[in-house]
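Chain and residue survey
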Amino acid sequence: MRLDRYLANAGVGTRKEVKQLIKSGRIKVNDTLVRESDFYVDFSSNISLDDKKIDYKEFYYLLLNKPKGYISATADDYHEVVVDLLPEYKKYGIAPVGRLDLDTTGVMLLTNHGALAHALLSPKKHVDKTYIAEVNHKLDVSLVNKFNEGITLEDGYTCLPAKLEILDDTHAKLTIHEGKFHQVKRMFKIFGYEVINLDRQSFDILTHDSLAIGEYRELTTEEVEHLLSYIK
C-alpha cells in the first residue's frame with residue numbers, strides 16, 4: 001500500500017498530516033529516508049517516525065460497557081457518541097457494531113473491520129444478544145411462549161423466535177438474534193409493557209463482567225479468532 005495510507009491507518013495522523021511528515025523527511029522505510037507519499041510499503045516493512053518504529057495493526061476490536069446518554073454512532077449533532085469514550089482509538093476509524101439506544105447500557109463491540117461488523121449483524125448468522133429488561137408492571141408467564149413463537153411488531157415485521165426467562169415480577173432475561181430498531185422495547189410494547197431499564201449482558205461470547213460502566217478493553221486473541229469465524 002502507499003506509505004501515506006499506511007501511516008494514516010496506523011493512526012499517525014490524517015492523510016494530509018502524514019504527507020507533510022513524509023515531505024519533511026521524518027519518515028524512514030527500512031532505515032532509508034523516504035519523501036514520496038506514494039512509496040510502496042507492506043506489513044513486513046520497517047517504518048519509523050523520527051527513528052521511532054511505528055507499530056501497525058490493520059484492525060482494532062474493542063469491547064465497551066456502554067453507559068446511558070451516548071448515541072451508538074461515530075458523530076452526532078445533538079448527543080455525545082460512543083467513540084468519544086475511547087479517545088485513543090478514534091483515529092483508527094472504529095465504529096459500533098449495531099446500536100444500543102441512548103438510554104440502554106451494556107456490551108458493545110467497536111471495530112474498524114467492516115466485513116466482520118457486517119457478518120455479525122446478519123440475521124442469517126444467528127448471533128445471540130442477551131439483555132436484562134426491567135418493565136413497568138408484573139410480567140405474565142405466558143410471555144415465554146409468545147416470545148418463543150416469534151412476535152409480530154406493529155409494522156408487520158415478525159421477529160425470529162426469542163428466548164425469554166422471567167427473573168422476577170418486573171425483570172426478564174431476553175435472548176434475540178436480530179438487532180432491529182428499538183426491537184426489545186417494541187417486542188414488550190406489543191403486550192402492553194414499557195421497558196424502563198435495559199442492559200445488554202452479552203453479544204455472542206462477549207460480556208461486560210469485568211468492565212464497569214463506561215470502561216473498555218481490547219478483545220483477547222481468542223475472542224477475535226472466535227468472532228472472525230463468522231466471516232470464514
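Here's a quick rundown of the structure. Keep in mind that this is a model prediction, so the values were computed, not measured. (Residues numbered from 1 in each chain as written. Predicted model: local features only at pLDDT ≥ 70, side-chain atom pairs only at ≥ 80, totals over all residues. Heavy atoms only, no water.)

**Some thoughts on the overall build of the protein**
Regarding its fold elements, the protein presents six helices and 15 strands. Each principal axis of the C-alpha distribution contributes one length, and for the protein these read about 70 × 35 × 35 Å. Taking all 232 residues of the protein together, the buried fraction comes to 44%. Counting only contacts in the protein whose residues sit at least 6 apart along the sequence, the fraction spanning at least 24 positions is 61%. (Helix = DSSP H or I, 4+ residues; strand = E, 2+ residues; numbered from the N terminus. Buried < 20%, exposed > 50% of the residue type's maximum accessible area, 1.4 Å probe, protein only. Contact = heavy atoms within 4.5 Å.)

**Overview of the pattern of salt bridges**
In total, this model carries 13 salt bridges according to the counting rule given. The partner of arginine 186 in a salt bridge is glutamate 154, with the nearest N and O atoms 3.1 Å apart. Separated by 32 residues along the polypeptide, arginine 186 in helix α5 (residues 183-189) and glutamate 154 in the loop between α4 (143-149) and β11 (163-166) bring together distant segments of the chain. Classification of glutamate 154 as exposed rests on a relative accessible area of 56%. Where arginine 217 meets glutamate 223, a salt bridge forms, and the shortest distance between an N and an O atom there is 2.9 Å. (Salt bridge = Lys/Arg side-chain N within 4 Å of Asp/Glu carboxyl O.)

**Brief notes about unusual backbone geometry**
Backbone geometry places asparagine 30, a non-glycine residue, at a positive phi of 55 degrees. Within the fold, asparagine 30 resides in the loop between β1 (27-29) and β2 (32-33). Residues other than glycine seldom take positive phi values, yet histidine 182 does so here, at roughly 55 degrees. Note that histidine 182 resides in the loop between β12 (171-176) and α5.

**Comments concerning the sheet that holds strand β3 (residues 47-49)**
Taken together, the four strands give an open sheet; going across it, the order is β2-β1-β3-β4, and neighbouring strands pair in antiparallel fashion. Because the sheet does not close on itself, it has two edges, and the strands there are β2 and β4 (52-53). Summarising the sheet, β1 and β3 pair through three bridges and their orientation is antiparallel. Residue lysine 28 lies in a different strand from β3, and its bridge partner there is serine 48. (Pairing = 2+ DSSP bridges.)

**Observations concerning the side chain of glutamate 178**
By the element assignment, glutamate 178 lies in the loop between β12 and α5. Lysine 180 provides the closest opposite charge to the buried, unpaired glutamate 178, separated from it by 5.6 Å. Looking at glutamate 178, its side chain comes within polar contact range of the main-chain nitrogen of leucine 160, at 2.9 Å. Ignoring sequence-local partners within four residues, the contact set of glutamate 178 consists of Lys129, Tyr157, Cys159, Leu160 and Gln183. (Lys, Arg positive; Asp, Glu negative; His and termini not counted. Polar contact = N/O pair within 3.5 Å; in protein donor to acceptor, adjacent residues only side chain to side chain.)

**Thoughts on the packing of aromatic side chains**
Summed over all chains, the structure comprises eight aromatic pairs. Ring centres 5.1 Å apart and planes at 50 degrees place the aromatic pair phenylalanine 147 and phenylalanine 188 in the tilted group. Of this pair, phenylalanine 147 sits in helix α4 while phenylalanine 188 sits in helix α5, and the two are 41 residues apart along the sequence. Each member of the pair, phenylalanine 147 as well as phenylalanine 188, is classed as buried. (Phe/Tyr/Trp six-rings, centres within 6.5 Å; stacked < 30°, edge-to-face > 60°.)

**Side note on the pairing of β11**
Examined bridge by bridge, β11 and β12 share four bridges and lie antiparallel to one another. Across the sheet, leucine 164 pairs through a bridge with leucine 174, a residue of β12. Counted along the chain from β11 to the antiparallel partner β12, the turn is four residues long.

**So, helix α2 (residues 15-23)**
If you check which residues of α2 are buried, you get Val18, Leu21 and Ile22. Buried residues along α2 cover an arc of 100 degrees about the axis, so they all sit on one side. Residues of α2 that are exposed and point over 90 degrees away from its buried face: Lys16 and Lys23. Positive phi shows up at glycine 25, right after α2, with a value of about 80 degrees. (Arc of directions from axis to C-beta.)

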